Amino acid sequence: MKTWSLRARDLKKYPHFDSWMSAKDATSLATNPERVATHTFYPFVRYVQGWTRFAEKGAHGKRKDRPIRYAARGDAYIFAYYRHLLSEPYEAALKAYGLENNILAYRRIREPSGTGGKCNIHFARDAFLKIRELGNCCVIALDISSFFENLDHTKLYEFWSRMVGKKKLPPDHLRVFLAVTKYAVVDKHKVYERLGHFGPKRKTKSRKVISGYLTPFAKMPTQLCTGKTFRQKIAGGNGTKSLIEKNFKPYGIPQGSPISDLLANLYLLDFDRIVADWAKNIGGDYYRYSDDILFIIPGDRSIGLALMAKVQYLIKTFGSKLEIKESKSSIIEFEVSGDHQKFKLVKGTQGKNGLEYLGFRFDGHYAYIRDSTLSNLYRKVVRSARREAIALAKRYTNKSAVQLTAIYDYDRLIKRFGRVENFGEIHDDYKNWTFWTYARRAATVFGSLGQPILGQLKRYRQNIRRRAETEIVKAAS
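Everything numeric here is computed off the predicted structure, so don't read it as measured data.

(A) Layout of the overall build of the protein. The number of helices and strands found in the protein is 17 helices and 14 strands. In terms of overall dimensions, the protein is globule-like: its C-alpha atoms have a radius of gyration of 25 Å, near the 23 Å expected for 477 residues. For the protein, the spread of C-alpha atoms along the three principal axes comes to 70 × 70 × 40 Å. Within the protein, the proportion of its 477 residues that are buried is 47%. Of the contacts made within the protein by residues no fewer than 6 positions apart, 65% connect residues no fewer than 24 positions apart. As displayed, the protein has an accessible area near 24800 Å², and 50% of this comes from carbon and sulfur atoms.

If you want it as structure tokens, here you go:
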């Protein structure tokens, strides 16, 4: 097994309950089985990542909330090390089952050319090319509801034990297992409020109180509080109500911990093997990207409907809480017509404009950036523009909307979301990507298949400026 150690750039800098530790000390903690077996894990800090789903013009999108939980520094290093320990046997199992190119999320899969690792752009391209290759075919797209929150602990224990080659988990592995199954969480806002970092910040013109962070993030202490303060103010000492919530259910792991993604993949190892064989036996392909399942198989809708029913039944045998809902399932038929394929939505609601997969859409002829992806982009633009417009209006209370518009830094906003100069020199550095560079990269990867992608970004700069101007008018009124 490859050696594992932390580097300075791997160290966690976010505020949490434990103190800062060096890379050497963190490595020493995580790789010592005796210390791990007796380690006391802090509660995860939880926040909710929410967004409104894309909806057609005139309709209201449904809000989707995803709870994200992040671990204390020492806990995170331990989770990362045990992820490393489980990764090698898991990868070996994937290879033994011939699943290396079927399980896509949370793994490094290289391009056949060896030029780099694949991302969702490559995975979408491969799926669309497979559809073209099969010609007359059927595509089944499924989604496992609340995947991480519904993993059965008993079954997870069995898979974990299998990976370490034991009937029972060793004490250190058991301690980590319990930390991600019988986990504890605290709400981020409640913690920060109790420690004096969050609370009433300003009032609107209608005198409504708006709460916010009282301490700027840059000045937030790396260690939020001492152990004594944690026990008194967070854990419920001295008569205060504890903020700690524990998971007493026999299912669910925290999405966001360094080990959770691997555990989610590992949990479905046998499921993946079974359904991949089903697809292969009829000349098709199976892909899973976390909770998104995709089958591309030759034949018509009758084969697709039968396969979907089998998968829906099978998933229940891997945990009573796991479910593939009808509302999250779709079947699309593709049929060769001239030099391209026509599509028809057979079942479900997603797919009226073609197959939607990993942020892209395929109509049998070309690949496009999905409408909801563009919608999400402009939603981020509006949020960012709104914050800056409000700050500008507060700073220059005597200026009108027209005057504020004249001094607003549009270039900075556009640079944040728009085109980056010298893209060809930095396109492999994902940290430098903006949406423009992402779209440009997608157009390159898709080749002729992605011909319309750059056309979707026409008037991109103008749209960003127009949205910013709208927010300035609102802030000034």
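(B) Quick look at the pairing of strand β4 (residues 184-187). Of the two faces of β4, both are covered, the one formed by Ala184 and Val186 as well as the one formed by Val185 and Asp187. Summarising the sheet, β4 and strand β7 (residues 245-246) pair through two bridges and their orientation is antiparallel. When the sheet's bridge partners are listed, Ala184 is paired in β7 with Lys246.

(C) Region of the structure containing helix α14 (residues 410-417). For α14, every residue scored as buried is listed here: Tyr410, Leu413, Ile414 and Phe417. Projection of α14 onto a plane perpendicular to its axis shows the buried side chains occupying an angular sector of 95°, all on one side. Along its buried surface, α14 packs onto α12 (371-395), α13 (401-407), α16 (435-446) and α17 (460-476).

(D) How the structure looks around the state of the cysteines. Under the counting rule described, the total for this entry stands at zero disulfides. In this model Cys137 remains outside any disulfide bridge; the closest cysteine sulfur is found in Cys138, 7.5 Å from its own.

(E) Summary view of the sheet that holds strand β10 (residues 330-337). Pairing is antiparallel in the open sheet, where five strands are placed in the order β8-β9-β3-β10-β11. Pairing within the sheet leaves two strands with one partner each, and these edge strands are β8 (285-289) and β11 (340-347). Looking at each pair of strands side by side, their axes are set apart by 20° on average, direction ignored. In the packing of helix α4 (residues 120-134) onto the sheet, the strands contacted are β3 (137-143), β8, β9 (292-298), β10 and β11, and the crossing angle to β9 comes to about 20°.

(F) Focus on the packing of aromatic side chains. Going through the model one piece at a time under the given rule, you end up with 24 aromatic pairs. When the ring of Tyr192 is compared with that of Tyr213, the centres are 5.7 Å apart and the planes differ by 80°; the resulting orientation is edge-to-face. Here Tyr192 is found in helix α7 (residues 188-194), whereas its partner Tyr213 is found in strand β6 (residues 209-213), with 21 residues between them in sequence. When its relative accessible area of 1% is taken as the criterion, Tyr192 is described as buried. Aromatic ring contacts, followed pair by pair, group Phe128, Phe334, Phe360, Phe362, Tyr438 and Phe446 into a single cluster. The positively charged end of Arg273 is found above the aromatic ring belonging to Tyr97, 5.2 Å away from the centroid. Lying across the ring of Tyr368, Arg361 places its NZ or CZ 4.3 Å from the centre.

(G) Fine view of unusual backbone geometry. The residue Ser290 is not glycine, and still its phi comes out positive at about 60°. Secondary-structure assignment places Ser290 in the loop between β8 and β9. Here Ser290 falls in the buried class, since its relative accessible area comes to 7%. Even without glycine at this site, Leu358 takes up a positive phi of about 50°. Positionally, Leu358 belongs in the loop between β12 (355-357) and β13 (360-362).

(H) Fine view of the side chain of Lys130. With respect to the element layout, Lys130 can be found in helix α4. Not counting the four nearest positions on each side in its chain, Lys130 is found in contact with Gly283, Asp285, Tyr287 and Ile296.

(I) Spotlight on the packing of α14 against α17. Taken N-terminus to C-terminus, the directions of α14 and α17 make an angle of 125°; their axes are 10 Å apart at the nearest point. Taken together, the axes of α14 and α17 lie oblique to each other. Where α14 crosses over α17, the handedness of that crossing is right-handed. Together, Tyr410, Asp411, Leu413, Ile414 and Phe417 of α14 and Tyr460, Arg461, Ile464, Arg465, Ala468, Glu469 and Ile472 of α17 make up the contact between the two elements. In the contact of α14 with α17, the residues fall into eight nonpolar, no polar and four charged.

(J) Looking closely at the environment of Glu356. Tracing the backbone shows Glu356 in strand β12. Residue classification places Glu356 among the partly exposed residues on the basis of a relative accessible area of 27%. In this structure, Glu356 is in contact with Gln350, Arg361 and Arg370, ignoring residues within four places of it in sequence.

(K) Up close: the layout of surface pockets. Considered as a void within the structure, the second largest pocket measures approximately 490 Å³ in volume. For the second largest pocket, the lining is made up of 15 residues, of which Trp4, Ser5, Ala80, Arg83 and His84 are closest to its centre. Taken together, the residues of the lining of the second largest pocket sort by class into five nonpolar, four polar and six charged.

(L) The nonpolar core, seen in detail. Of all hydrophobic cores here, the largest spans 69 residues; its most connected members are Phe79, Trp160, Ile259, Leu263, Phe271, Tyr286 and Phe295. For this core, the element with the highest residue contribution is helix α3 (residues 73-97), accounting for 11 residues. The contacts of Phe295, once residues within four sequence positions are left out, are Cys138, Val139, Ile140, Leu142, Val275, Ala279, Asp285, Tyr286, Leu307 and Val311. By size, the runner-up hydrophobic cluster in this structure holds 53 residues, among which are Ile296, Ile332, Ile453 and Leu457.

Reading the values: the criteria
- Residues numbered from 1 in each chain as written.
- Predicted model: local features only at pLDDT ≥ 70, side-chain atom pairs only at ≥ 80, totals over all residues.
- Heavy atoms only, no water.
- Helix = DSSP H or I, 4+ residues; strand = E, 2+ residues; numbered from the N terminus.
- Rg over C-alpha atoms; globule rule 2.2 N^0.38 Å.
- Buried < 20%, exposed > 50% of the residue type's maximum accessible area, 1.4 Å probe, protein only.
- Contact = heavy atoms within 4.5 Å.
- Areas by Shrake-Rupley, 256 points an atom, 1.4 Å probe, with all protein chains shown as cover.
- Pairing = 2+ DSSP bridges.
- Arc of directions from axis to C-beta.
- Disulfide = S-S within 2.5 Å.
- Axes fitted to C-alpha atoms, helices over the stretch in contact; angles between N-to-C directions.
- Phe/Tyr/Trp six-rings, centres within 6.5 Å; stacked < 30°, edge-to-face > 60°.
- Lys NZ or Arg CZ within 6 Å of the ring centre and 35° of its normal.
- Parallel < 35°, antiparallel > 145°, perpendicular 65-115°, else oblique.
- Left-handed = near helix turned anticlockwise from the far one by under 90°.
- Nonpolar A, V, L, I, M, F, W, Y, C, P; charged D, E, K, R; others polar.
- 1 Å grid on protein atoms, 1.4 Å probe; cavity = no way out; pocket = protein on both sides within 12 Å on 5 of 7 lines; lining within 4 Å.
- Points joined across faces, edges and corners; volume = space filled by probe spheres on them.
- Core = buried A, V, L, I, M, F, W, Y, C linked by side-chain atoms within 4.5 Å.

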